[in-house]
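Coordinate analysis (summary)
Read off the chains here:
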Amino acid sequence: MDKLVVKGGARLSGRVKISGSKNSALPILAATLLTPEKCVLHNVPDLSDIRFMLEILAQLGSEVTFENGTVTTRAPKVKSETPYDLVRKMRASICVLGPIIARCGRATISEPGGCVIGDRPIDIHLKGLAMLGAESRSEGGNVYVTSKELVGREIFLGTKFGSTVLGTDNVMMAATRAKGVTIIESAACEPEVRDLADVLVKMGAKIVGHGTRRVEIEGVDGLGGCEHTIIPDRIEAGTFMVAGLITGGDVFLDGANGDHMINVIDRMKSCGAELKCSGEGIQVAAPRKLSSIDLVTETYPGFPTDMQAQMCALMSVTPGISAITEKIFPSRFMHLSELRRMGAKVDLEGSTAIIHGVKELSGAPVMASDLRASAALVLAGLVAGGTTEVNRVYHIDRGYEHIDQKLRALGAEIERVR
Ligand code: EPU
């Protein structure tokens, strides 16, 4: 199993190319199942989660190629049963459900189990599909969904934690082929949901209001092929922003879209970060001293839960007391115990991490528990005294393209040990 060995202390500077968004690419790849025609997607990041999704598409009957960041798919026929072994490896595979139901009228998918970042039910996905006319039952660890005909309706898709990203995606994709008009209230507004809707529109879907809380979809008889470029990954950009700040560095996030990161930029500026957005990307410069922060994760345009762990790492070496509250996945704090092993002073009160910034962290062997937690540990390692070994790196490879190479190009001392 690979590990990342980081020697702390280097100041990062230079330019880093931000990859295509994982969380846009995954549902967009699933959407290609909606059409028998050719789809061409550019700027697809080469990540293990993307490879899983391509395998799922292939096993469902799609002809898939992936070369130099471009995926081509053609799915003349689609099977309704998803391969358990692949689906269980990646929770995001649930987003094939909407397209399969729309295309085949039935779908079998293994029910996602527990997850290290917290409870991740799919009740709202199923509720939305049920309102369109797709009945579901659970049996033997599988969910069986069938529909004679999908019919558009007004659907409230909120959860007690706000809107659901992949739930909105699933219902929106199924609704493109439903009879009549579907209105999704309390829809997720994340840029990734909007990117998916843009692709569906290119395929011939009739959608308005995407990117807002109310999305209206008028069903059509069939969808065609498309060509699309995936938006830049705002979470990768935010992670490299923290890498620049935590090392007192100066980094240009090439291709990052500041419009997708308004809240992150605002919060970083409130801590003293110097950030300049342009059409080309975002320039990040660390001030002489950062200041502590109070922040709460929320659905878009609020502060993203996928940046919470990285902020905990940054605040663990920022003077003062920070309070970071997690509202989307209230128990997504596995990184705290590992940060503590590196010398961070952190208490968890309910869903709020209270962080007393320390002068120095010290390198230690640590264990990655999920994608963003592993990113936080690498960030902490960049500034810690001595050497940090981040084990179980496969978590980070799910969502960060060549993170070690990109950090090394900015001046970090980081090696992947196989
Ligand atoms: N929820 C329900 N019922 C549902 C669906 C969701 O109660 O049927 C709850 C969840 O338990 C959670 C909240 O609603 O408390 C929001 O979850 P959401 O459905 O939005 O999460 P998701 O769509 O499964 C996507 C991202 C996650 C990201 C979340 C929140 C992808 C592939 N995944 O997951 O990304 O954290 O939205 O923004 O887009 C990551 O990249 O590291 C990652 C975990």
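In the block above lies the structure referred to throughout.
These figures come from a predicted structure and were not determined experimentally.

Our focus in this paragraph is the packing of helix H8 (residues 234-246) against helix H10 (residues 308-316). Across the interface, H8 lies against H10 with an axial gap of 10 Å and an inter-helix angle of 5 degrees. Judged by the inter-axis angle, H8 sits roughly parallel to H10. For the pair H8 and H10, contact is made by Ile235, Thr239, Val242, Leu245 and Ile246 and by Gln310, Met311, Ala313 and Leu314, respectively.

Surrounding the ligand, one finds 24 residues, the nearest of these being Asp123, Thr164, Asp306, Ile328 and Arg372. Interatomic distance of 3.2 Å between a backbone N/O atom of proline 121 and an oxygen atom of the ligand. Contact with the protein chains covers 91% of the free accessible surface of the ligand, which is 820 Å². Secondary structure elements with two or more residues in the shell around the ligand: helix H1 (22-31), helix H5 (123-131), helix H6 (165-175) and helix H12 (371-383). Its residues assigned to classes, the shell around the ligand shows 11 nonpolar, 6 polar and 7 charged.

So, on to the environment of isoleucine 207. Following the sequence through the fold, isoleucine 207 ends up in strand E11 (residues 206-208). Each C-alpha atom of the pair isoleucine 207 and threonine 182 lies 9.5 Å from the other, and the pair is 25 residues apart in sequence. For isoleucine 207, the residues in contact, after removing those within four places along its chain, are Met172, Thr176, Ala197, Leu200, Val201, Val215, Glu216 and Ile217.

Moving on to the packing of aromatic side chains. Here the structure, examined in full by the defined rule, presents 0 aromatic pairs. Residue placement shows arginine 137 over the ring face of tyrosine 144; its charged tip is 4.6 Å from the ring centre.

Quick look at the sheet that holds strand E22 (residues 387-391) now. Taken in spatial order, the 4 strands make up an open sheet running E21-E22-E1-E23, and their pairing is mixed. On the outer flanks of this sheet lie strand E21 (365-367) and strand E23 (413-417), each paired with one strand and no other. Each neighbouring strand pair of the sheet contributes to a mean axis angle of 20 degrees, computed without reference to strand direction. Bridging between strand E1 (residues 3-7) and E22 involves 4 bridges; their strand directions are antiparallel. Counted as the bridge partner of lysine 7 is threonine 387 from E22. Against the sheet, H12 contacts E1, E21, E22 and E23, and its axis sits at roughly 25 degrees relative to E1.

This next bit is on the nonpolar core. Core analysis: the biggest nonpolar cluster contains 71 residues, and Ile50, Met53, Met172 and Leu200 have the highest contact counts within it. Contacts of isoleucine 50, omitting those with residues within four sequence positions, involve Lys22, Ala25, Leu26, Leu29, Val44, Pro45 and Phe66. Counting 70 residues, the second-largest nonpolar core is a separate cluster that includes Val6, Val16, Met311 and Leu382.

This part is about unusual backbone geometry. With an omega dihedral of 10 degrees, the bond running from tyrosine 300 to proline 301 counts as a cis peptide bond. Its location among the elements puts proline 301 in the loop between strand E17 (294-296) and H10. Non-glycine residue serine 186 carries a positive phi angle of around 60 degrees. Counting through the fold element by element, serine 186 comes out in the loop between strand E10 (181-185) and helix H7 (191-202). On the basis of relative accessibility, which here comes to 17%, the residue serine 186 falls in the buried class. In this structure, histidine 402 takes a positive phi of about 45 degrees despite not being glycine. Inspection of the secondary structure assignment puts histidine 402 in the loop between helix H13 (394-397) and helix H14 (403-409). Histidine 402 sits in the partly exposed class, given a relative accessible area of 39%.

Procedures and definitions
- Residues numbered from 1 in each chain as written.
- Predicted model: local features only at pLDDT ≥ 70, side-chain atom pairs only at ≥ 80, totals over all residues.
- Heavy atoms only, no water.
- Axes fitted to C-alpha atoms, helices over the stretch in contact; angles between N-to-C directions.
- Helix = DSSP H or I, 4+ residues; strand = E, 2+ residues; numbered from the N terminus.
- Parallel < 35°, antiparallel > 145°, perpendicular 65-115°, else oblique.
- Contact = heavy atoms within 4.5 Å.
- Near = heavy atom within 4 Å.
- Polar contact = N/O pair within 3.5 Å; in protein donor to acceptor, adjacent residues only side chain to side chain.
- Areas by Shrake-Rupley, 256 points an atom, 1.4 Å probe, with all protein chains shown as cover.
- Nonpolar A, V, L, I, M, F, W, Y, C, P; charged D, E, K, R; others polar.
- Phe/Tyr/Trp six-rings, centres within 6.5 Å; stacked < 30°, edge-to-face > 60°.
- Lys NZ or Arg CZ within 6 Å of the ring centre and 35° of its normal.
- Pairing = 2+ DSSP bridges.
- Core = buried A, V, L, I, M, F, W, Y, C linked by side-chain atoms within 4.5 Å.
- Buried < 20%, exposed > 50% of the residue type's maximum accessible area, 1.4 Å probe, protein only.

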